[in-house]
Amino acid sequence: MTPAGTSVPPARGPSAGQVNDLLPIGDWIRHHSLRSWPVLLFLTLICVPSIALLILGLNPSQATFDHVAWIFAAYFAVAWLLLLGVIVRPEHVSRTMLVLVTAIALATQVPLAVTLEVDLHASTAGLGPSIYSVGLPEELAKAIPVLAVALIYQLWRQHDMEPRDYLFLGAVSGLVFGASEVVHYFTVNGVEQFYQIVKAALPAIQQLILAGHSTPDSLFVVLIEPVRYFILDFVWRFITDPISHACWAGLTGYFIGLAVTGRHRWYAVGWIGLAAAAILHGLNDWSRVNGHPLWIVVVLVSGVLFLGYAKVGSRGDEPAPAIWPPAAHPREAHPPARHAAAGHPPAVGAGRPWWVH
């Protein structure tokens with residue numbers, strides 16, 4: 001029973017909020033996290049395979065293969081970049097720094113590394129030559145972009161960076177070098193290797209056909225198996241080369257950071273990361289290790305060292321921030337600015353890191 005004079009509201013359908021739960025387009029547009037750089041890179045990565053296959057087309061040329069190889073290499077380099085960004089969480093690395101490191105790396109790394117390796121007669125037959133004629137030149141080439149960025153930002157005094165930030169910049173430099181190197185292997189060395197496979201297979205195919213075997217069976221037995229191995233070998237190189245180079249270059253970057261930030265004298269620590277990276281790189285490429293079980297150990301040690309410096313760093317570093325912030329008590333939803341209250345203003349020029357919108 002309702003009191004006299006009281007109107008009864010008409011029955012309504014589902015509320016606007018309930019309808020919005022089904023397709024919250026407005027919330028998607030307004031939500032800042034869906035416009036952040038990691039999300040945009042993720043969406044780009046989803047589209048890259050379709051773009052590359054569309055560019056490849058039905059009648060690819062040599063230039064088309066080169067373009068798609070670059071896209072393939074950049075695809076995995078960016079994927080590793082996203083993962084490294086989540087793990088390392090560099091607080092003072094901006095998108096401008098990433099662009100600057102990438103541009104300098106693309107312009108200097110391969111020419112410098114190739115020139116040094118030719119002059120040093122690069123060889124991986126022995127451990128010593130593998131370290132000083134392959135590992136050292138390539139790690140030195142990857143250190144150049146980090147040193148350039150360190151010099152620029154130290155002169156301008158715009159960022160108060162930590163060694164962990166330089167470690168991340170080194171990893172980015174390594175990603176660029178690894179991607180460039182695997183494209184070179186695929187488009188130059190790979191063509192020669194494929195030619196040698198086909199050239200060696202032709203006499204055997206002819207013999208099988210003359211012996212009464214069908215042409216498809218002869219091709220599969222002699223040619224398809226080696227070509228399949230060749231393709232798989234290069235597919236894995238596109239995935240693994242960038243991250244291996246990133247780990248080694250990250251070590252170099254970390255010790256450059258120790259020197260640049262003034263925690264140690266530059267001549268006492270600046271060379272340590274480069275030496276460690278060159279040794280690990282030389283071990284990785286050494287013919288008695290590469291392709292053998294010990295190879296896995298070298299890769300594992302490289303990754304452990306990189307993560308150790310990324311997450312712990314030097315004694316003066318603060319721990320890396322957690323991926324998910326801890327849940328705050330309702331009464332502490334708006335904690336006071338501790339740094340401001342303590343009289344510690346934020347670092348000059350310290351903007352948002354690259355992975356923040």
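The structure displayed is predicted, hence computed values, not measured ones.

Q: Help me understand the side chain of S302, please; the structure alone is not making it clear to me.
A: Relative to the helices and strands, S302 resides in helix α11 (residues 293-311). Excluding residues within four positions of it along the chain, S302 makes contact with C247, W248 and L280.

Q: Please explain the packing of helix α4 (residues 62-88) against α11 as it appears in this structure.
A: Between two packed helices, what matters for the description is the angle formed by their axes and the separation of those axes. At a closest axis distance of 9 Å, the pairing of α4 and α11 adopts a crossing angle of 45°. Taken together, the axes of α4 and α11 are oblique relative to one another. Facing α4, whose interface residues are L84, I87 and V88, α11 presents F306, L307, A310 and K311. Taken together, the residues of the contact of α4 with α11 sort by class into 6 nonpolar, no polar and 1 charged.

Q: I keep staring at the pattern of salt bridges and nothing clicks. Help me out?
A: Opposite charge on two side chains makes pairing possible when the charged atoms of those side chains draw close. The tally for this structure, following the rule as stated, stands at 2 salt bridges. Here E139 makes a salt bridge to K142, at a shortest N to O gap of 2.7 Å. One end of the pair, E139, and the other, K142, are both in helix α6 (residues 127-156), 3 residues apart, so they sit about a helical turn from each other. Note on E139: relative accessible area 0%, which makes it buried. For the salt bridge of R237 with D233, the shortest nitrogen-to-oxygen distance reads 3.8 Å. Of this pair, R237 and D233 both sit in helix α8 (residues 215-260), separated by 4 residues, roughly a single helical turn. Judged by its relative accessible area of 30%, R237 falls in the partly exposed class.

Q: Just to check I follow, could you spell out α6 for this structure?
A: A turn of α-helix holds 3.6 residues, and therefore any two residues three or four places apart point the same way. For α6, spanning 30 residues, the distance from its first C-alpha to its last is 42 Å, which sits close to the expected 44 Å at 1.5 Å a residue. A maximum bend of about 35° is found in α6 at G135, where proline P137 lies one to four positions downstream.

Q: Could you clarify how one ought to interpret the layout of surface pockets in this entry?
A: Gaps between atoms show up when a probe of the same size as a water molecule is rolled over them. Here the second largest pocket is characterised by a volume of approximately 920 Å³. Lining the second largest pocket are 34 residues, and of these T240, D241, S244, N284 and W295 sit closest to its centre. Counting residues per element, the ones that place at least two in the lining of the second largest pocket are α4, α6, α7 (163-210), α8, α10 (272-285) and α11. Element by element, the count of residues in the lining of the second largest pocket is highest for α8, at 11 residues.

Rules used throughout
Residues numbered from 1 in each chain as written. Predicted model: local features only at pLDDT ≥ 70, side-chain atom pairs only at ≥ 80, totals over all residues. Heavy atoms only, no water. Helix = DSSP H or I, 4+ residues; strand = E, 2+ residues; numbered from the N terminus. Contact = heavy atoms within 4.5 Å. Axes fitted to C-alpha atoms, helices over the stretch in contact; angles between N-to-C directions. Parallel < 35°, antiparallel > 145°, perpendicular 65-115°, else oblique. Nonpolar A, V, L, I, M, F, W, Y, C, P; charged D, E, K, R; others polar. Salt bridge = Lys/Arg side-chain N within 4 Å of Asp/Glu carboxyl O. Buried < 20%, exposed > 50% of the residue type's maximum accessible area, 1.4 Å probe, protein only. Expected span 1.5 Å × (residues − 1). Bend = angle between axes of the 7 residues up to and from the residue. 1 Å grid on protein atoms, 1.4 Å probe; cavity = no way out; pocket = protein on both sides within 12 Å on 5 of 7 lines; lining within 4 Å. Points joined across faces, edges and corners; volume = space filled by probe spheres on them.

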